Amino acid sequence: MKTISGGVCAAKGFKASGVHCGIRKNRLKRDLSLIYSEKKAAAAAVYTTNLVKGAPLIVTKEHIKDGYAQAVICNSGNANTCNSDGLSIAEQTCELLGRELGIPAGDIVVASTGVIGQPLDITPIRRGIPSLVSGLSADGSEQAAEGIMTTDTKIKEVAVSFNIGGRECRIGGIAKGSGMIHPNMATMLVFLTTDCSISSEMLKKALAGDVRSTFNMLSVDGDTSTNDMVTILANGMAENKEITADGEDFNTFMKALNTVTVYLCRRIAGDGEGATKLIECRVSGADTEYTAKTVAKSVICSSLTKAAMFGADANWGRVLCAIGYSGAEVDVNRIDVSFRSAKGEIPVCKNGAGIPFSEEKAKEILSEDEIEISVDLNSGGYGAVSWGCDLTYDYVRINGDYRT
């Protein structure tokens, strides 16, 4: 397996584009994106658990209930959520795109991101779709990635190649996500494409299984959005023997999928609103997987821990505090904690108690832009990884006037 270029266009038969259609006032920012497969593809998706859901999610769920889709369209600048005509706008978007592409509207995944509760006019979308379609390109992944950004500061795209049955297969993805990220299924918007031949049933199984250890372990601010969705299209153009059951080929596909999703998780966490540091919490020695995941998520969700990382303060007591209220059954007298970065590693807690360490060395380690918090529960053989970011002054500034 190797990392390659191309993002969502790395896989055979996929093209993408992104344009400014007028939803956003800034003409320099793309606000409408398209991903298109030359062939109808197996499709799967996971959605936000928030009871308030954007209209596009409801429409998409209906469109791919047969397990297939051929295109993905997403606008930024308006979430199309809590609007009286939201469903109509989402359906009209699919109908307009379907006519332009020459495919059924029911084969289109639709998504939106941006401000909640603002009316969304179909006019700029109608006006932008022709240029969106005419601009489709095998080099269009970056444009599409730009078009789904809101408060993101960095493009998030990746692709890998892998081998199944002697055939080279590829999987790639783009994502947006910077704030309002705290999932219990997936998070933000992620669009994945692959040319691997895999049945829609196994594709659903793969995606559902993967998000439990990737996007479900990601948090920026503790807020679960209304429009979160992760979707994947598999058009089979690599012409490998179709994956229809568990086995070596399915495991290889899962590994490739996980490589892509972990990369995107880290990119999203590192680009959290106002963030200066990516925080990764690695838990080991847990008695169950549930315990490991619960502890890991609690640590990266702790506002006090996040603030300490912002200040490069080795306040390990905040880590233990987060473990203590996580709800996991742990023996606090066995917990070891250390901090690690490119500058080295420093143990700060042994058997639930503080140990002598150099504050100067700890400061140096925690001043890097990627920090690992290592927690050993010393009670079993299970582990988990979670991703988050530091909490800075800029997070409040960004969200204090987000709408206005």
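Everything here concerns the structure above.
Keep in mind it's a predicted model, so treat the numbers as computed, not measured.

J.: How would you summarise the environment of Cys196 if you had to cite specific residues and measurements?
T.: By the secondary structure assignment, Cys196 is in the loop between strand S8 (189–194) and helix H5 (200–211). For Cys196, a relative accessible area of 0% puts it in the buried group. Remark: the alpha-carbon pair of Cys196 and Asn50, spanning 146 residues in sequence, is separated by 32 Å. Cys196 has contacts with Phe162, Ile164, Cys169, Arg170, Ala234, Asn235, Gly236, Ala238, Asn240, Ile243 and Phe253, leaving out every residue within four places of it along the chain.

J.: Help me get a handle on the nonpolar core, residues and values and all.
T.: Formed by 72 residues in total, the largest nonpolar core has its most connected members in Phe253 and Val375. A total of nine residues in this core trace back to one element, the largest contributor, which is helix H6 (residues 248–270). Apart from the residues lying within four places of it in its own chain, the contact partners of Val375 are Cys281, Arg282, Val283, Ser284, Val295, Val319, Ile323, Ile335, Asp336 and Val337. Ranked by size, the runner-up nonpolar core spans 25 residues in total, among them Ile73, Leu97, Ile108 and Val133.

J.: A description of the packing of helix H2 (residues 86–101) against helix H3 (residues 122–134) should follow, citing residues and the corresponding values.
T.: As a packed pair, H2 and H3 sit with axes 10 Å apart at the nearest point and diverge in direction by 25 degrees. By the angle class used here, H2 and H3 are roughly parallel. As H2 runs across H3, the sense of the crossing is right-handed. Side by side, H2 and H3 meet where Ile89, Gln92, Thr93, Leu96, Leu97, Glu100 and Leu101 of the first sit next to Ile122, Ile125, Arg126, Ile129, Pro130 and Val133 of the second. Looking at side-chain class alone, the contact of H2 with H3 contains nine nonpolar, two polar and two charged residues.

J.: Describe H5, with residues and values.
T.: With 12 residues, H5 should reach 16 Å at 1.5 Å per residue; the first-to-last C-alpha distance of 17 Å fits that figure. Those residues of H5 not exposed but buried are Ser200, Met202, Leu203, Ala206, Leu207, Asp210 and Val211. End-on view of H5: buried residues confined to an arc of 160 degrees, all on one side of the axis. If you follow the buried residues of H5, they end up packed against strand S3 (32–47), strand S4 (68–76), S8, strand S9 (229–234) and H6.

J.: Before we move on, can you summarise the pairing of strand S6 (residues 156–164) with the specific residues and values?
T.: With respect to burial, S6 is a largely interior element, seven of its nine residues being buried. Here strand S1 (residues 2–4) pairs with S6 via three bridges, running antiparallel. Counted as the bridge partner of Thr3 is Val160 from S6. Relative to strand S7 (residues 167–176), S6 runs antiparallel, the two sharing nine bridges. Within S7, the position partnered with Asn163 by the bridge is Glu168. Taking the residues that link successive antiparallel strands as the turn, the S6-S7 hairpin has two residues, and the phi of Gly165 there is positive, at about 60 degrees.

J.: Describe the sheet that holds strand S12 (residues 344–350), naming the residues involved and giving the relevant values.
T.: If you walk across this open sheet you meet the six strands as S13-S12-S11-S14-S10-S15, and the pairing is mixed. Because the sheet does not close on itself, it has two edges, and the strands there are strand S13 (353–354) and strand S15 (382–389). Looking at chain direction, S12 and S13 are connected through two bridges and run antiparallel. Looking at the pairing, Cys349 lines up with Gly354 of S13.

Rules behind the numbers
Residues numbered from 1 in each chain as written. Predicted model: local features only at pLDDT ≥ 70, side-chain atom pairs only at ≥ 80, totals over all residues. Heavy atoms only, no water. Helix = DSSP H or I, 4+ residues; strand = E, 2+ residues; numbered from the N terminus. Buried < 20%, exposed > 50% of the residue type's maximum accessible area, 1.4 Å probe, protein only. Contact = heavy atoms within 4.5 Å. Core = buried A, V, L, I, M, F, W, Y, C linked by side-chain atoms within 4.5 Å. Axes fitted to C-alpha atoms, helices over the stretch in contact; angles between N-to-C directions. Parallel < 35°, antiparallel > 145°, perpendicular 65-115°, else oblique. Left-handed = near helix turned anticlockwise from the far one by under 90°. Nonpolar A, V, L, I, M, F, W, Y, C, P; charged D, E, K, R; others polar. Expected span 1.5 Å × (residues − 1). Arc of directions from axis to C-beta. Pairing = 2+ DSSP bridges.

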